[in-house]
Amino acid sequence: MEAKTENIQKTTDLSYLIELSAGNKVFVKEMVALFLSENPEEIKALAKGIAEKNYKTIKTVAHKLRSTIPFIGLDKHIEKEVVEIESMASESVDIKEIEIRFSKIKSVCEKAYFELSPVSSVI
Amino acid sequence: MITDRVIPKELKEKINILVVEDNLLGRKLIGFLLKKWGFHYDICANGKLALENLKLNKYDLILMDIQMPEMNGHETSKYIREKLKLGLPIIAMTSHATEEERKKCLISGMVDYIAKPIVEEELYNLTVNYLFTTVVENLENKY
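Report follows, based on the coordinates. (Residues numbered from 1 in each chain as written. Chains lettered and ligands numbered in written order. Predicted model: local features only at pLDDT ≥ 70, side-chain atom pairs only at ≥ 80, totals over all residues. Heavy atoms only, no water.)

Looking at the pattern of salt bridges
Pairing is possible between side chains that carry opposite charge, provided their charged atoms lie close to one another. Residue and element names in this part refer to chain A. By the definition in use, this model includes 17 salt bridges over all chains. With a closest N to O distance of 3.5 Å, glutamate 84 and lysine 80 form a salt bridge. Pair noted here: glutamate 84 and lysine 80 are both in helix H5 (residues 75-90), with a separation of 4 residues, about one helical turn. Since its relative accessible area comes to 55%, lysine 80 is described here as exposed. (Salt bridge = Lys/Arg side-chain N within 4 Å of Asp/Glu carboxyl O. Helix = DSSP H or I, 4+ residues; strand = E, 2+ residues; numbered from the N terminus. Buried < 20%, exposed > 50% of the residue type's maximum accessible area, 1.4 Å probe, protein only.)

What to know about the interface of chain A and chain B
Residue-level contacts link 20 residues of chain A with 16 residues of chain B. Surface buried jointly by chain A and chain B totals about 1,800 Å² across both partners, of which 67% is contributed by carbon and sulfur atoms. For the pair chain A and chain B, the number of links is 1 salt bridge. Remark: the boundary between chain A and chain B carries 6 residue pairs in polar contact (both at pLDDT 80 or more). Of all the secondary structure elements, the ones that give two or more residues to the side of chain A that touches chain B are helix H2 (15-20), helix H3 (25-51) and helix H4 (55-68) of chain A. (Contact = heavy atoms within 4.5 Å. Buried area = accessible area lost by both parts, 1.4 Å probe. Polar contact = N/O pair within 3.5 Å; in protein donor to acceptor, adjacent residues only side chain to side chain.)

Remarks on the layout of surface pockets
Considered as a void within the structure, the largest pocket measures approximately 800 Å³ in volume. Every residue lining the largest pocket is counted, 33 residues in all, and those nearest its centre are Lys59, His63 and Glu86 of chain A together with Gln67 and His96 of chain B. Mapped onto the lining of the largest pocket, the elements with two or more residues apiece are H3, H4 and H5 of chain A together with helix H4 (73-82) and helix H5 (99-108) of chain B. At 8 residues, the largest contribution of residues to the lining of the largest pocket is made by H4 of chain A. A breakdown of the residues in the lining of the largest pocket according to their chemical character gives 7 nonpolar, 11 polar and 15 charged. (1 Å grid on protein atoms, 1.4 Å probe; cavity = no way out; pocket = protein on both sides within 12 Å on 5 of 7 lines; lining within 4 Å. Points joined across faces, edges and corners; volume = space filled by probe spheres on them. Nonpolar A, V, L, I, M, F, W, Y, C, P; charged D, E, K, R; others polar.)

Let's talk about the packing of aromatic side chains
Tallying each qualifying case throughout the model produces 4 aromatic pairs over all chains. Aromatic pair tyrosine 16 of chain A and phenylalanine 71 of chain A: ring centres 6.3 Å apart, planes at 45 degrees, arrangement tilted. Separated by 55 residues along the polypeptide, tyrosine 16 of chain A in helix H2 and phenylalanine 71 of chain A in the loop between H4 and H5 bring together distant segments of the chain. Each of the two residues, tyrosine 16 of chain A as well as phenylalanine 71 of chain A, counts as buried. Aromatic pair tyrosine 113 of chain A and phenylalanine 114 of chain A: ring centres 5.8 Å apart, planes at 85 degrees, arrangement edge-to-face. Lying across the ring of phenylalanine 39 of chain B, lysine 12 of chain B places its NZ or CZ 5.5 Å from the centre. (Phe/Tyr/Trp six-rings, centres within 6.5 Å; stacked < 30°, edge-to-face > 60°. Lys NZ or Arg CZ within 6 Å of the ring centre and 35° of its normal.)

Some thoughts on the sheet that holds strand E5 (residues 112-115) of chain B
All names here are of chain B. If you walk across this open sheet you meet the 5 strands as E2-E1-E3-E4-E5, and the pairing is parallel. Of all the strands in the sheet, just strand E2 (40-44) and E5 have a single pairing partner and so form its edges. Pairs of neighbouring strands in the sheet enclose a mean axial angle of 20 degrees, with direction left out of account. Both strand E1 (residues 16-20) and strand E3 (residues 61-65) contribute to a ladder of 4 bridges, which runs parallel. Along E3, the bridge assignment pairs valine 19 with leucine 63. Helix-sheet contacts for helix H3 (residues 47-56) involve E1, E2 and E3, and the interaxial angle to E1 is about 160 degrees. (Pairing = 2+ DSSP bridges. Axes fitted to C-alpha atoms, helices over the stretch in contact; angles between N-to-C directions.)

Description of the nonpolar core
Residue and element names in this part refer to chain B. Counting 63 residues, the largest nonpolar core has Leu29 and Leu63 as its most contacted members. When residues no more than four places from it in sequence are discounted, the contact partners of leucine 63 are Ile17, Leu18, Val19, Val20, Ile30, Leu34, Ile91, Met93, Leu123 and Thr127. With 19 residues, the next largest nonpolar core counts Ala50, Tyr59, Ile62 and Met110 among its residues. (Core = buried A, V, L, I, M, F, W, Y, C linked by side-chain atoms within 4.5 Å.)

Quick notes on H4 of chain B
Residues and elements named next belong to chain B. Looking at H4, one finds that the buried residues are Gly73, His74, Thr76, Ser77 and Ile80. The buried residues of H4 all sit within an arc of 165 degrees when viewed along its axis, so they share a single face. Those residues of H4 hidden inside the fold are in contact with H3, E3, strand E4 (90-94) and H5. For H4, the capping residue at the N-terminal end is asparagine 72, with a side-chain oxygen 2.9 Å from the backbone nitrogen of histidine 74. (Arc of directions from axis to C-beta.)

A look at empty space enclosed by the protein
Applying the stated rule across the entire model yields 1 cavity of 30 Å³ or more. In this structure, the largest cavity encloses a volume near 40 Å³. Together, His63 of chain A together with Asp65, Ile66, Gln67, Met93, Thr94, Ser95, His96 and Lys116 of chain B line the largest cavity. Its residues placed into classes, the lining of the largest cavity shows 2 nonpolar, 5 polar and 2 charged.

Some details on unusual backbone geometry
Residue proline 117 of chain B follows lysine 116 of chain B across a cis peptide bond; omega there is 0 degrees. Here proline 117 of chain B is to be found in the loop between E5 and helix H6 (120-142). Even without glycine at this site, alanine 22 of chain A takes up a positive phi of about 50 degrees. With respect to the secondary-structure elements, alanine 22 of chain A resides in the loop between H2 and H3.

Right, dumping it as structure tokens:
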């Protein structure tokens, strides 16, 4: 029963955008569309940075992600990991530690993408 | 609590704000709010572009992201103060809302800072309060 509840729980939360825009559907839809176009690129860039052990890229992209995720409520799920990656990249720590955190970030962002894709055309 | 300072509509229309932000979603959000509040604004994606804008246009306030490609918020603010000799208020917008970051912002020439994600009321209060001091009171003193 618990597992079933977890399955239907949403990863994304648009309440920040809805509240800030006083329910302006056009604005929310545009922000979601921007997220859907930007986020996969950020994830790709982060994966590339990790594969190449390019700490400067990792730090830059992690920072970018940190600014993007609160718009759709993903900060509740992955802010800790994103902040840790940004800080780890500054200290050039073991790439495996970054990979562990990236795995969670990627999975949450993919889930968000699939949740928001239909929303973007419906709102 | 929202500031009780009110900028008259006819004055608001003359105010020009420069937003410097590299994040596309961030730019969209700030633009939406400034438009909603009735201010004119220009938006650019990094410090270098901000300096180009400043050479071409007159602004009353700058909302400045910190970590940006090409030229970051600290470098840009220093340049604005030291080379362009401009005294307009520069408000930092940063994800690193720490005391250390606040000090760094002040040293670079910024007057204040706001933490991301942006809370509308906080941004409104900061923007209106600084504009009130630099634009509205200045005009009132002239007459």
